[in-house]
Amino acid sequence: MNTALIRKRLVIGNWKMHGTRATNATLLTGLCAGVAVVHDCDLAVCAPFPYLGQVSACLHGSGISWGAQDVSKHEQGAFTGEVSPAMLNDFGCQWALVGHSERRAFHGESDQLVAEKAAAALKAGITPVVCVGETRAEQEAGLTTEVISRQLAPVLALGAESLAKMVLAYEPVWAIGTGLTATPQQAQDVHAFIRSQLSGLGVPQVRVLYGGSVKASNALSLFAMSDIDGALVGGASLVAEEFLRIAAA
Ligand code: PEP
């Protein structure tokens with residue numbers, strides 16, 4: 001079966017550490033007002049923790065889902081500053097990003113911890129969006145597939161049943177927030193490699209998003225590639241019109 005036909009497009013906005021109650025209100029109102037232009041695509045935003053209440057109140061019933069940018073691997077307890085999967089559930093979160101390169105780089109998150117966070121999210125019924133990607137130096141050294149394999153190994157070890165409930169995101173670090181985008185073919189090659197790993201485990205239907213300076217102007221050419229199932233969008237998700245144009249591409 002051609003699983004591309006059953007892998008519905010998914011576009012997720014990662015607001016990162018941006019926004020205020022006022023700017024969020026403008027953005028969310030714009031998304032709700034314009035979402036009708038988006039067809040055959042699941043649309044979601046991942047907001048900073050303090051704004052999840054505002055996001056859930058604004059997006060409830062809009063057809064746009066929401067999530068967080070990280071989650072603890074712990075269920076509860078003395079973990080100052082952490083946010084549990086159950087807390088995300090309390091705010092109606094459907095998604096949690098895990099292993100974003102900014103968390104791997106600035107917070108020392110290991111491949112193993114990322115997999116543990118993914119497992120904790122799944123246990124609470126939240127879909128983890130597991131991010132992987134190589135740095136510029138790794139890419140130049142020809143290490144892309146090696147790095148992706150290493151990052152994915154503990155996630156794949158969670159098994160097919162868990163993987164089937166996840167989303168993966170390929171985000172080359174050198175393309176995040178830099179304005180540099182992988183060419184559609186560069187991205188497709190890595191996505192095809194990830195798909196081969198998933199197919200080997202019997203879960204080719206898992207959606208694999210591309211992330212890294214996706215904009216309305218390049219979304220269509222990326223989405224045209226057979227193994228790219230949507231996008232994880234940073235900067236361009238902060239402007240409602242641009243984000244909706246990506247999802248409608
Ligand atoms: C991201 O934060 O996941 C991302 C892809 O950012 P940007 O679109 O700004 O490159």
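Residues numbered from 1 in each chain as written. Predicted model: local features only at pLDDT ≥ 70, side-chain atom pairs only at ≥ 80, totals over all residues. Heavy atoms only, no water.

Attention now goes to the pairing of strand E2 (residues 41–47). Most of E2 is tucked away, with 6 of its 7 residues classed as buried. Judged from the 6 bridges that link them, strand E1 (residues 9–14) and E2 form a sheet pairing that is parallel. Bridged to Arg9 within E2 is Cys41. Taken together, E1, helix H1 (residues 21–34) and E2 form a β-α-β motif whose crossover is right-handed. Direction of pairing for E2 relative to strand E3 (residues 65–68): parallel, over a ladder of 4 bridges. Bridge pairing in E3 links Val45 to Trp66. In terms of handedness, the path from E2 via helix H2 (residues 52–59) over to E3 forms a crossover that is right-handed. (Buried < 20%, exposed > 50% of the residue type's maximum accessible area, 1.4 Å probe, protein only. Helix = DSSP H or I, 4+ residues; strand = E, 2+ residues; numbered from the N terminus. Pairing = 2+ DSSP bridges. Right-handed = clockwise from strand over helix to strand, strands pointing away.)

Let us look at the pairing of strand E6 (residues 167–170). Burial along E6 is two-sided: the face carrying Val167 and Ala169 and the face carrying Leu168 and Tyr170 are both buried. With 4 bridges connecting them, strand E5 (residues 127–132) and E6 associate as parallel partners. Looking across to E6, one finds that Val132 is bridged to Tyr170. Pairing analysis gives 4 bridges linking E6 to strand E7 (residues 207–211), with the strands arranged parallel. In the strand pairing of E7, Ala169 is matched with Leu209. In this fold, the crossover linking E6 to E7 by way of helix H9 (residues 184–200) has right-handed handedness.

Distances and angles like these do not, on their own, reveal function.
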